[in-house]
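Chain residues, written in single-letter form:
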Amino acid sequence: MHHPSLQAIYFFAPDVRRDCLAFAGPKKMIAWFRSHLVVVWAQDTSGQNFNTVNIYDLRNKFTAFTKEFHNVTNVITEWGSIFILTADGKCFQLEEKDTQTKLDTLFKNDLYSVAINLAKSSQGYDANAIVDIYRKYGDYLYARPRFDFDGAMAQYLQTIGGLEPSYVIRKFLDAQRIHNLTTYLQALHTKKIANPDHTTLLLNCFTKLKDEEQINAFIEKSEYQFDVDTAISVCRQAAYYVQALRLAKRHRLHHMVLKILLEDLGRHSQALEYIRTLDFAEAEAAMKLHGKELTTHLPAQSTELVQQLCTSYQPSGGEHVEGIKAAQANQADDGIAPLESLLDDISFIVNANRASDTVANPADFVHIFVNQPEWLVMFLEFIIEQEEFAALHEQNEEAAKIVYDTLLEMYLREDDNVTFEDEATRNAKRREQHQKALALLLNDKAMFHENHALVLAKMHGFHDGVVLLYERQHMYNEKLHYFMELHNYDEILKTCKRHGDVDDDLWVQALSFFASQQQKCESEIKEVLKYIERNRLLPPLLVIQILAQNKGTTLSVVKDYIIETLKQTHHLIREDKRQIREISEETDKMRTEIEELKTSAKIFQVSKCSACLNQLDPHSTSVHFLCMHSFHQRCLGDSERECPICLPENKKILDIRRHLEENADQHDQFYKQLDCAVDGFSKVAEYFGRGIFQSIITPGGGNAPSK
């Protein structure tokens with residue numbers, strides 16, 4: 001119920017008075033239509049009997065309609081309209097316009113605040129439509145002659161979530177209204193819709209304003225959601241290193257913490273201590289990435305930490321642990337305990353209270369000592385003595401080889417940064433290093449890439465190592481040539497004596513080498529010739545040809561060799577003649593026997609059976625063979641046509657001959673054996689002896705060509 005008075009209009013509920021609206025002046029009548037109040041004012045003072053009708057939208061607090069009517073007698077609100085009756089018998093019907101028409105009217109009159117209230121109270125308008133009205137309102141305040149940037153920003157803040165932020169940001173970048181822009185960007189972060197670019201821009205605004213307090217507040221406030229990496233990067237660029245460090249520690253970005261400590265603040269000791277607080281995997285990764293710089297500034301402490309990682313690393317308490325506790329406290333205050341965070345904390349606590357079950361691969365840390373060779377040697381010498389490295393040795397041979405190869409190289413390489421008082425001191429130091437290298441090569445546990453180690457030894461003039469590695473790889477020819485390059489005659493002979501039984505060609509190479517030398521090598525040549533003559537490695541003619549390469553070689557050098565060779569040749573000739581004579585006599589004897597078998601009868605005088613050894617009965621059947629074996633008929637059987645005693649030997653000879661005849665057409669095999677034979681003539685003679693090249697008798701009586 002409402003009641004008008006001269007000063008106001010009062011609203012009443014059944015039991016209490018409600019609102020009061022101040023409307024000064026006499027009212028003729030009032031009416032209620034939906035959310036609108038209809039007020040008919042009393043006659044004006046001119047006496048013309050006109051009444052002013054005002055319709056107020058109380059919800060949105062604006063005058064929706066005003067007009068003068070002649071002597072209003074009644075106001076009726078029915079059927080969705082307002083009917084105004086006048087004394088002259090007229091009836092005026094007023095209909096409410098739709099919301100969009102109302103808004104357009106309000107926009108034309110720049111009544112944006114009223115339009116916003118109207119849109120909010122209307123059920124047909126969603127949030128996007130209301131955001132668009134706020135945008136128009138902000139654009140109006142931004143563009144009007146008296147720039148109201150603060151008012152415009154207040155409207156744009158209402159558009160967050162519905163309007164693309166770049167629309168607003170671009171306007172205030174152009175206007176260089178950095179304070180307003182900062183306000184908008186903070187609101188974006190508060191509502192958790194900011195992207196990394198917004199974070200970058202906001203922090204840049206803070207840095208341009210030199211507002212360190214705002215930067216600290218932004219970093220510390222947990223309600224802000226932003227890209228941490230971007231924030232750290234901006235702080236570092238603006239030289240706010242302390243804030244960047246605090247942010248990196250808070251979010252456990254260990255790699256960023258170390259970058260700030262090392263690259264920006266130069267706090268190497270603090271960085272090393274921070275690494276010690278990390279668990280094994282993180283500490284290992286950190287040392288691989290930053291170890292080079294740490295060993296340059298803190299070689300002793302860095303080497304100690306790497307040694308621990310490769311043996312028995314255990315993290316220590318420190319800022320990292322305190323950071324975890326602080327983060328947990330913040331989460332507890334906020335009532336938040338993410339599962340991922342809890343799992344991380346549990347993992348860290350477990351790792352912090354026990355030694356790591358794994359060890360790092362020492363080969364992965366070699367590169368960090370690039371500027372500290374003496375510390376690298378100390379590190380590797382420590383590692384190869386540890387039990388953990390023995391286990392790695394069995395699991396990963398390649399990694400173990402890299403460690404030993406590196407240590408060998410460090411022993412052999414001279415440090416250019418070290419100066420010596422004189423050459424004698426330098427040589428003494430070099431001998432000491434070579435002794436260590438030799439001891440390392442002789443270590444039964446050590447493993448090397450043999451070829452790599454050999455290259456290192458030759459590159460650095462490590463004579464003992466070269467010889468040892470050649471012998472270990474059975475590279476006797478290379479060892480011999482190595483001494484030839486050094487013109488070390490004694491070692492050449494020693495090499496031939498030591499390995500000549502394995503490779504006779506060493507003596508031949510030695511002979512060629514000594515024969516090619518301009519200086520006198522008579523004693524060496526004589527010693528080589530003794531071995532060649534004793535083992536018949538070369539034909540005498542070839543020996544003479546080799547020695548003839550050096551015109552300075554005298555006859556006295558080869559005199560003893562030639563005499564001894566001739567003696568052996570004469571002895572062989574005599575022996576060959578004796579064998580020829582014996583074979584000829586045996587052959588003649590066999591031919592005579594064959595001829596007798598062909599032309600004369602054979603008289604058998606054997607009286608015992610060769611099988612049962614009983615007397616042969618002249619009245620029973622006996623079988624006599626030309627091999628002079630005789631048998632009872634009953635001892636042979638009906639199917640025996642050959643002597644059972646001689647049959648195995650005859651069969652063996654026949655099988656050999658048949659095999660040789662089958663191989664007669666395998667020319668490739670013959671030529672292959674001929675190429676591999678030391679004496680080709682002997683191989684041909686062997687094949688002749690086997691009957692491979694025997695002649696075939698043709699029907700015409702001639703000999704067919706040999707196969």
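Because the structure is a prediction, the values reported are computed rather than measured.

**Notes on the overall build of the protein chain**
The number of helices and strands found in the protein chain is 32 helices and 14 strands. Taken across its 707 residues, the protein chain has 37% of its residues classed as buried. A sequence separation of at least 24 residues applies to 47% of the contacts in the protein chain between residues at least 6 apart. Here the protein chain displays about 42,100 Å² of accessible surface, and carbon together with sulfur accounts for 51% of that area.

**Some points on the environment of V75**
If you trace the backbone, V75 turns up in strand β8 (residues 72-78). Sequence-distant contacts of V75, that is, excluding residues within four places in its chain, are made with M29, A31, V38, V40, I82 and F83.

**Structural notes on the sheet that holds strand β10 (residues 91-94)**
Adjacent strands of a sheet form backbone hydrogen bonds with each other and so pair up, either parallel or antiparallel. Read from one edge to the other, the open sheet built from 3 strands follows the order β8-β9-β10, with strand pairing classed as antiparallel. In the strand order of this sheet, the two ends are held by β8 and β10, each with one partner. On average, each strand axis in the sheet is tilted by 20° relative to the strand beside it, whichever way the strands run. In terms of strand pairing, β8 meets strand β9 (residues 81-86) through 6 bridges, oriented antiparallel. Bridge assignment links V72 to a residue of β9, and that residue is T86.

**Considering the pairing of strand β2 (residues 8-12)**
Relative to strand β3 (residues 17-22), β2 runs antiparallel, the two being bridged by 4 bridges. Along β3, the bridge assignment pairs I9 with L21. Hairpin remark: β2 followed by β3, antiparallel, with 4 residues in the connecting loop.

**Looking at unusual backbone geometry**
Positive phi, close to 50°, is recorded for N71, a residue that is not glycine. Looking at where N71 falls in the secondary structure, it is placed in the loop between β7 (62-70) and β8. The phi torsion at A239 lies on the positive side, around 70°, for a residue other than glycine. If you trace the backbone, A239 turns up in the loop between α9 (228-237) and α10 (241-250). Residue classification places A239 among the partly exposed residues on the basis of a relative accessible area of 48%.

**Section: helix α6 (residues 178-190)**
Compared with the 18 Å implied by 1.5 Å per residue over 13 residues, the 18 Å span of α6 between its first and last C-alpha is a close match. Listing the buried residues of α6 in full gives N180, L181, T182, Y184, L185, Q186, A187, L188 and H189. Just beyond α6, the residue with positive phi is K192, at close to 60°.

**Describing the packing of aromatic side chains**
Aromatic rings in a pair are described by how distant their centres are and how their planes are angled relative to each other. Here the structure, examined in full by the defined rule, presents 14 aromatic pairs. On the basis of an interplanar angle of 20° and a centroid distance of 5.4 Å, the ring pair of F369 and F379 is categorised as stacked. In this pair, F369 sits in the loop between α16 (339-352) and α17 (373-383) while F379 sits in helix α17, placing the two residues 10 residues apart along the sequence. With respect to class, F369 is no different from F379; both count as buried. A connected cluster of aromatic rings, assembled from ring pairs, spans Y142, F149, Y156 and F172.

**As for the nonpolar core**
Grouped together as the largest cluster of nonpolar side chains are 139 residues, with contacts concentrated most on I232, M287, L408, I492, L511 and F514. Residues within four places of M287 in sequence aside, it is in contact with L272, I275, L294, S302, L305, V306, L309, F365 and I368. One finds V38, F69, I82 and I84 within the second-largest nonpolar core, a separate group that totals 13 residues.

**Description of α17**
Each α-helix winds once per 3.6 residues, and so residues spaced three or four apart point in a common direction. Inspection of α17 places P373, L376, V377, F379, L380 and I383 among the buried residues, and these make up the whole buried set. Along the axis of α17, the buried positions cluster into a sector of 165°, meaning they face one direction only.

**Considering the sheet that holds strand β4 (residues 27-33)**
The sheet built from 4 strands is open, its strands ordered β4-β5-β6-β7 with antiparallel pairing. With one partner strand each, in any of the chains shown, β4 and β7 form the two edges of the open sheet. Neighbour-to-neighbour, the strand axes of the sheet open up by a mean angle of 15°, direction not taken into account.

**Some thoughts on the pattern of salt bridges**
Two side chains carrying opposite charge are able to pair once their charged atoms lie near each other. All chains considered together, the criterion is met by 15 salt bridges. Close ionic contact of K171 with D139 constitutes a salt bridge, the shortest N to O distance being 3.9 Å. Here K171, found in helix α5 (residues 165-174), pairs with D139, found in helix α3 (residues 127-143); they are 32 residues apart in sequence, far enough to count as distant. There is no split in this pair, since K171 and D139 are both buried. The residue R236 makes a salt bridge to D264 at a minimum N-O spacing of 2.6 Å.

**Remarks on the state of the cysteines**
Across all of its chains, the model carries 0 disulfides by this definition. Unpaired in terms of disulfides, C646 finds its nearest cysteine sulfur in C627, a separation of 3.7 Å.

**Observations concerning the environment of Q158**
Structurally, Q158 is set in the loop between α4 (149-157) and α5. Q158 sits 28 residues away from I130 along the chain, and the two C-alpha atoms are 9.3 Å apart. Setting aside chain neighbours within four positions, we find Q158 in contact with V131 and Y134.

**Some points on the packing of α6 against helix α7 (residues 196-209)**
α7 packs onto α6 with a crossing angle of 140° between their chain directions and a minimal axis gap of 9 Å. The angle between α6 and α7 places the two elements in the oblique class. With respect to the hand of their crossing, α6 and α7 are arranged in left-handed fashion. On α7, the residues touching I178, H179, L181, T182, L185, Q186, L188 and H189 of α6 are H198, T199, L201, L202, C205, F206, K208 and L209. Residue composition of the contact of α6 with α7, by class: 9 nonpolar, 6 polar and 1 charged.

**Observations concerning the pairing of β10**
In this structure, β9 lies alongside β10, joined through 4 bridges in antiparallel fashion. Looking at the pairing, I84 lines up with F92 of β10. Connecting β9 to the antiparallel partner β10 that follows it, the hairpin turn spans 4 residues, and G89 within it adopts a positive phi of roughly 85°.

**Looking at the environment of I383**
Among the structural elements, I383 can be located in helix α17. For the pair I383 and Q307, spaced 76 residues apart in sequence, the C-alpha to C-alpha distance is 7.2 Å. Contact partners of I383, with chain neighbours within four places excluded, come to C310, P362 and F389.

**Regarding the confidence of the model for the protein chain**
The share of residues in the protein chain with pLDDT of 70 or more is 84%, and the mean pLDDT across the chain is 78. Predicted confidence for residues 329-343 stays below pLDDT 50, and this span has 7 contacts to residues more than four positions away or in other chains.

**Some remarks on the packing of α3 against α4**
Closest axis-to-axis distance for the α3/α4 pair is 8 Å, and the angle between their directions is 170°. Here α4 runs roughly antiparallel to α3, going by the angle between their axes. Contacts from Y134, R135, Y137, G138, D139, L141 and Y142 of α3 reach α4 at F149, G151, A152, Q155 and Y156. Among the residues making up the contact of α3 with α4, the classes are represented as 7 nonpolar, 3 polar and 2 charged.

**Focus on the side chain of R276**
Looking at where R276 falls in the secondary structure, it is placed in helix α12 (residues 268-276). A residue is classified by how much of its surface remains accessible, and R276, at 13% relative accessible area, is buried. Within the local environment of R276, its side chain forms a polar contact with the side chain of Q308, the two groups lying 3.5 Å apart. Among residues more than four places away in sequence, those in contact with R276 are Q301, E304, L305, Q308, Y313, P315 and S316.

So, how was this worked out
Residues numbered from 1 in each chain as written. Predicted model: local features only at pLDDT ≥ 70, side-chain atom pairs only at ≥ 80, totals over all residues. Heavy atoms only, no water. Helix = DSSP H or I, 4+ residues; strand = E, 2+ residues; numbered from the N terminus. Buried < 20%, exposed > 50% of the residue type's maximum accessible area, 1.4 Å probe, protein only. Contact = heavy atoms within 4.5 Å. Areas by Shrake-Rupley, 256 points an atom, 1.4 Å probe, with all protein chains shown as cover. Pairing = 2+ DSSP bridges. Axes fitted to C-alpha atoms, helices over the stretch in contact; angles between N-to-C directions. Expected span 1.5 Å × (residues − 1). Phe/Tyr/Trp six-rings, centres within 6.5 Å; stacked < 30°, edge-to-face > 60°. Core = buried A, V, L, I, M, F, W, Y, C linked by side-chain atoms within 4.5 Å. Arc of directions from axis to C-beta. Salt bridge = Lys/Arg side-chain N within 4 Å of Asp/Glu carboxyl O. Disulfide = S-S within 2.5 Å. Parallel < 35°, antiparallel > 145°, perpendicular 65-115°, else oblique. Left-handed = near helix turned anticlockwise from the far one by under 90°. Nonpolar A, V, L, I, M, F, W, Y, C, P; charged D, E, K, R; others polar. pLDDT = per-residue confidence, 0-100. Polar contact = N/O pair within 3.5 Å; in protein donor to acceptor, adjacent residues only side chain to side chain.

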